[in-house]
Amino acid sequence: MMQGAHVDLLALNGIVQSQKAFLPMVSFISVCPRRLERMEAVSETDVQFWMAKVVNWGEATSCSALLDTSRHLGSLRSFLQQVLQGLQQMSSTSEAMKTFPFVGQFLGRLCWNPCVIADERSQRLLLRCLSCLYSAEPLNAVEQKANMWIKNMLCHLISEEEGSVAHATVKHAGLTPKRYHSEALQKVVSLMTEEVIKSCNGLPNTSARCSNGNIYVMSTACAALVTCPQMSPLIGALLKHSMLCGTSCLNQEFIKEVSEALISKRLVLEDEAVVNLWCYSPSCLEGAAVSLLESVLSDHETMTQSLDKHVNDSLLPQASADHCHIFLTVSEIYRNVLTEIDENLAVRALIQVFTVCFLQRLTGQKTQDRLPLRAFFPHVMPSLLPPLLTAPSEVPREAWLDHLIWIRSLLQSVMENEAGEDVRAYQAVFQAWFLLVQCGYWVDTAAELLVLAAPENAEPLLWLLTFFHHPTNRGHQRSQQTAEAREAWTHLRMLFLTRPPPPRHLSAVKELLSSSLSANLVLHLFLNFTVFSHGPVSIINEINDKVLTEAAVKRRALWILASIRCRLNSAATRDDRVHSRLRTLQDTLLQT
């Protein structure tokens, strides 16, 4: 709020005080139900306490008043609720005045407190109290004057119609009530933000910073107002202080409210403040990672078409590149989810896209600021990191096959000890497989090469695809899975390379897709043939219409296509024919 505006508002004192003169003269609105049982009047002690508070707070234009108001908002709401319940039982204005002689002045003062007005729940209670005091059919002059005051208070809170206090504010101060409250709150918040920043920069050492108990008090006060836009700078400053301080000096309720408001999109903070929150509170970081996962699983139609954008917008990839522990935490969460539902293609797609976005952010850092890859993947055999974490776009296309053969040989060396009973051997295989899931773009590359691969080159590519979809040797089925992968590849080659498509091979592919053992593997191969084969579009569309008939298969197909699309978006060169075919296939699956 500007100083000039404050001076002009003082000129309104007569107007406001004349309105306050009618505060006790209120009556019961006809829509409030009359109850037989009467609520016991609020205690005199509570009344004295809250009247003293609202008088001391005034219009909350000082830091101390704002802090005290914020700190008491929860209990204030409880008291307002009690007053509201009492007002709803009054049968006349006279009864309301006798039972609650303080209520007019009490509500009137609260209506001019920007901190109270900024809290949606408090404002809602104020509106309900004022509405209950309004008399639909005033019986005397007192009730008429009371109605005029109540109307002005309601207009002050929710409108700017002529004749209201709001209109008077505009006329005398050049500010609407909404802007007045906003600027008053913003001015106080600015002063508090400066105080926090000074406590960060002006003290000689970390321990001295931590001794500033006012930081905890401020965070406590902010807890009730985190969704107010004016509070964002102060919230950001408090979170920055927590990073510099290195000790827990913020109110936990404040941390919880900020985290929930961010996830529900009711609070917007600068990126730095969000990352500071995640660094300060592991539970908030977990909440953000789980929220991203839930949004992906709940809206496959949107996510399959813009998964990489959605992941980047979550800020998790950038934060992970800047803070190793954030990447390790997010990866651990998704790893645990994957062990529970390892056939869920949506989870695999999210993990792959998250890793791609993270690696892009990490590559964009200055070399001297970048941690070694080993720090981000501490549990994986080091020799696996260079080939898998190198993107296909960084390898010449003619070298893809040799690169994939290299990856296959490294993974096979990890699996050599799987037959034993050593738990560490199983863990090593799992960590290697999870890295392959994170770097699923190489599996997609192998599936693309299989579209035109010669039979003598197909074996290592099929092995990678089989290991990706079936990492364990449950029931000693790996040989059967490998055989089915080879069979599916043979049928798909004949189906997409022969004109017209042979019905025998079409039936065989449909049968393999219905197999619980290798359905996702066959679907993965099929979609790559659909996107990358050179056959006529009309023939390919005909095959798709005959194969992709079940709704569940279509949903799984969309997630595989989302992974393919992410890889193509980061490719060194763009093939418009492939992109067009992929987009058409996605659109067709979404529409049917």
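All figures in this text were calculated on a predicted structure; none of them were measured in a lab.

Overview of the overall build of the protein
When helices and strands are counted, the protein shows 34 helices and 0 strands. Intrachain contacts of the protein at a sequence separation of at least 6 include 74% that bridge at least 24 residues. Of the roughly 26,700 Å² that the protein leaves accessible, carbon and sulfur atoms contribute 53%.

Considerations on the packing of helix α16 (residues 252–263) against helix α17 (residues 271–280)
Two elements in contact, α16 and α17, have axes separated by 11 Å at closest approach and are oriented at 130 degrees. In this view, α16 runs oblique relative to α17, as classed from their interaxial angle. Crossing handedness for the pair α16 and α17: left-handed. Contact residues: α16 offers Gln-252, Ile-255, Val-258, Ser-259 and Leu-262, while α17 offers Val-274, Leu-277 and Tyr-280. By residue class, the composition of the contact of α16 with α17 is 6 nonpolar, 2 polar and no charged.

A few points about the side chain of Gln-230
Among the secondary structure elements, Gln-230 is positioned in the loop between α14 (214–222) and α15 (232–245). Each residue touching Gln-230, except ones within four places of it in the same chain, is listed here: Ser-182, Leu-185, Gln-186 and Val-189.

Focus on the confidence of the model for the protein
When the pLDDT values of the protein are averaged, the result is 81; 83% of them are 70 or greater. Here residues 1–39 scores under 50 on pLDDT; set against residues more than four positions off or in separate chains, the count is 86 contacts. Considering only residues more than four positions removed or in separate chains, one finds that residues 206–211, a stretch of pLDDT under 50, has 10 contacts.

Concerning α15
Taking 1.5 Å of rise per residue, the 14 residues of α15 would be expected to cover 20 Å, and the 20 Å separating its terminal C-alpha atoms lies within 8% of that figure. Summarising burial for α15: 10 of the 14 residues are buried, a large majority. Three or more residues of α15 are buried, namely Ser-232, Leu-234, Ile-235, Gly-236, Ala-237, Leu-238, Leu-239, His-241, Ser-242 and Cys-245.

Notes on the packing of aromatic side chains
Counted under the stated rule, the structure contains 18 aromatic pairs. An aromatic cluster is defined as three or more aromatic residues linked by ring pairs; in this entry it consists of Phe-49, Trp-50, Trp-57, Phe-79, Phe-100, Phe-102 and Phe-106. Above the plane of the ring of Phe-468 lies Arg-348, whose end atom (NZ or CZ) is 5.0 Å from the centre.

Describing the environment of Val-531
Its location among the elements puts Val-531 in helix α31 (residues 519–532). Sequence separation between Val-531 and Thr-584 is 53 residues, and the spatial gap between their C-alpha atoms is 9.8 Å. Residue contacts for Val-531: discarding those within four places in its chain leaves Leu-561, Arg-577, Val-578, Arg-581, Leu-582 and Leu-585.

What to know about the side chain of Gln-89
In this structure, Gln-89 sits in the loop between α5 (73–87) and α6 (93–99). Look at Gln-89 and you get buried, because its relative accessible area is 6%. Within the structure, the side chain of Gln-89 is placed 3.3 Å from the backbone oxygen of Gln-85, a separation counted as a polar contact.

Re the packing of helix α19 (residues 300–313) against helix α34 (residues 576–591)
The N-to-C vectors of α19 and α34 enclose an angle of 175 degrees; their axes lie 11 Å apart at closest approach. In terms of their interaxial angle, α19 and α34 are classed as roughly antiparallel. Contacts between α19 and α34 pair Glu-301, Thr-304 and Gln-305 from the former with Gln-586, Asp-587 and Leu-590 from the latter. Looking at the contact of α19 with α34 residue by residue, the class counts come to 1 nonpolar, 3 polar and 2 charged.

So, the state of the cysteines
A complete count under the given rule lists 0 disulfides for this structure. Sulfur of Cys-357: no disulfide; nearest cysteine sulfur belongs to Cys-566 and is 5.8 Å away. Its relative accessible area of 6% is what places Cys-566 among the buried residues.

Criteria and thresholds
- Residues numbered from 1 in each chain as written.
- Predicted model: local features only at pLDDT ≥ 70, side-chain atom pairs only at ≥ 80, totals over all residues.
- Heavy atoms only, no water.
- Helix = DSSP H or I, 4+ residues; strand = E, 2+ residues; numbered from the N terminus.
- Contact = heavy atoms within 4.5 Å.
- Areas by Shrake-Rupley, 256 points an atom, 1.4 Å probe, with all protein chains shown as cover.
- Axes fitted to C-alpha atoms, helices over the stretch in contact; angles between N-to-C directions.
- Parallel < 35°, antiparallel > 145°, perpendicular 65-115°, else oblique.
- Left-handed = near helix turned anticlockwise from the far one by under 90°.
- Nonpolar A, V, L, I, M, F, W, Y, C, P; charged D, E, K, R; others polar.
- pLDDT = per-residue confidence, 0-100.
- Expected span 1.5 Å × (residues − 1).
- Buried < 20%, exposed > 50% of the residue type's maximum accessible area, 1.4 Å probe, protein only.
- Phe/Tyr/Trp six-rings, centres within 6.5 Å; stacked < 30°, edge-to-face > 60°.
- Lys NZ or Arg CZ within 6 Å of the ring centre and 35° of its normal.
- Polar contact = N/O pair within 3.5 Å; in protein donor to acceptor, adjacent residues only side chain to side chain.
- Disulfide = S-S within 2.5 Å.

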